[in-house]
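Results of the structural survey
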Amino acid sequence: MNSAPERIAPRSHRKGGQDGPYREDFRDYLATAEKNGKRKWVYPKKVAGKWFRWRTWFSWVLLTIMFMGPFIKINGNPLLMINVVERKFSILGQIFWPQDMIIFAVAMLIFLTGIIIFTTAFGRLWCGWACPQTVLMEMVFRKIEYLIEGDASAQRALHKAPWHKAKILKKSAKHAIFLALSFGISNWLLSYIIGYEALLKIVTDNPRDHLVGLAFMALFAVIFYLIFARFREQACTFICPYGRLQSAIIDENTVVVAYDYKRGEKRGALNRKLSLADRTAQGFGDCISCRECVSVCPTGIDIRNGTQMECINCTACIDACDRVMTRIGRPTGLIRYASQNTIERAEKFRFTSRMTWYAGVLTALIALFMLLLFTRSEAESTFLRAPGALYQEQAGGKISNIYTLKTVNKGSRHLTLDLRLEKISGELKLMGSGRFSVPREGIAQTSVLITIDRAALKSPKTKLNIGIYANGERIQTINTIFVGPRN
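Here we summarise the structure given alongside this text. Please read all numbers here as calculations on a predicted model, not as lab measurements.

**As for the packing of helix α4 (residues 132-149) against helix α6 (residues 165-194)**
Contact pair α4 / α6: the axes reach a minimum separation of 9 Å and the direction vectors enclose 155°. As judged from the angle between their axes, α4 and α6 are roughly antiparallel. Handedness of the α4/α6 crossing: right-handed. On α6, the residues that touch L136, V140, F141, I144, E145, I148 and E149 of α4 are K170, K171, A173, K174, I177, F178, L181, S182 and I185. Residues that form the contact of α4 with α6 fall into these classes: 10 nonpolar, 1 polar and 5 charged.

This is the structure in structure tokens:
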């Protein structure tokens, strides 16, 4: 249940070793749950190795970007802000509004297509290296847990021990730090929604003036605490849909964290009295059944069973296995990044026809996105007849209609707009001061009175073209209907 179709180590190649035969039904059970459904807590051992070092450095880069992001501005706008409250979004310093929904839709298609291509080629590499949940869990919360409670064996012993002073102190300290970190992280991520200026105002003002904001901050803090203190790997297994998505995307050419069963089987415990040549002559492979790959896995699976949905490609099993292989004098890479075809046929990674099709679709979507982005107008207006208003007959045989003009300024400069009638003679008058100004990244609204000679109207409903100009340059043309009497 809940696992990807088997890609690596097909059952026809399996051979039982001294650590027991393979469970053919291993996909019918969750590694983190007992048969009765009770949670089986995972205590992964500390891991060390080149892959972990590289992942650590990469994680610190990502964490730096995450915590510096709210303070980075481009053209006075945040690097990233998704303000769903005001329906205002800033991406790479560019402000987007609900009127740019088509751009958002294309961007989402690009994102999904990119995920499909990336997953087709490299599996769940994102999950193990760049997913915020993995980065924060493994590089922040897990390290704090190791510091307070010790390695996996010490954590198991502490869990089974009766409640005494030392246990209460350790557990209380850990959860207090987890809760404080969760509160800080949730507040920081909230600044990506409302901006750090608004967040700072909520924090420094009288709490009674921001009860709604404080309620959301507390809610986010509790959610983050539960994810990192309780849900952990279950967030990847039960909540995140990406693991299930990969089941339909990966194939025999996808590079995943894989166990080389051709080299490792049949497995058996290491006998120091036997030379490696004698061990090989007896039909044993390089796997010595040490289960180090299982003990370091943060989702509790056995990678030797093949590709599984729970595997997040974190490389912990690679480092653990490489360390064992080095210790017993065997080549590293028994567990490594590889595809099924690499292990079975020694084929190198290749760009398949399916990837080519996906890449073609992605290229077309990127081209469409760039076209929409570069042809995007600086301001966007809606021009509608005033609700319930009828045409008015003026002196001198003139007919007038009143309209409502609403303009969104998407740019970073203040706009003063002029409106002109196109292709028809008449008078267009802005109500009020006569000039229509829209603040940067703001919205303005006014009423417009249009008067046209009755003789110029060919029908009761005449199509009008309204040109909107900024600094003498036409930035938008609006089509509307002018209502008049029958001639």
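**Description of the pairing of strand β16 (residues 473-483)**
One ladder, built from 10 bridges, connects strand β15 (residues 461-470) with β16; its direction is antiparallel. The partner of N465 across the bridge, within β16, is N479. Following β15, the chain reverses through 2 residues before pairing antiparallel with β16; N471 in that reversal takes a positive phi of roughly 55°.

**Observations regarding the packing of α4 against helix α5 (residues 152-160)**
For the pair α4 and α5, the least separation of the axes is 9 Å and the interaxial angle reads 70°. Viewed along their axes, α4 and α5 adopt a mutual orientation that is roughly perpendicular. Regarding α4 and α5, the two cross each other, and that crossing is left-handed. Here E145, Y146 and E149 of α4 lie close against α5, whose contacting residues are A154, Q155 and L158. Classifying every residue of the contact of α4 with α5 gives 3 nonpolar, 1 polar and 2 charged.

Reading the values: the criteria
Residues numbered from 1 in each chain as written. Predicted model: local features only at pLDDT ≥ 70, side-chain atom pairs only at ≥ 80, totals over all residues. Heavy atoms only, no water. Axes fitted to C-alpha atoms, helices over the stretch in contact; angles between N-to-C directions. Helix = DSSP H or I, 4+ residues; strand = E, 2+ residues; numbered from the N terminus. Parallel < 35°, antiparallel > 145°, perpendicular 65-115°, else oblique. Left-handed = near helix turned anticlockwise from the far one by under 90°. Contact = heavy atoms within 4.5 Å. Nonpolar A, V, L, I, M, F, W, Y, C, P; charged D, E, K, R; others polar. Pairing = 2+ DSSP bridges.

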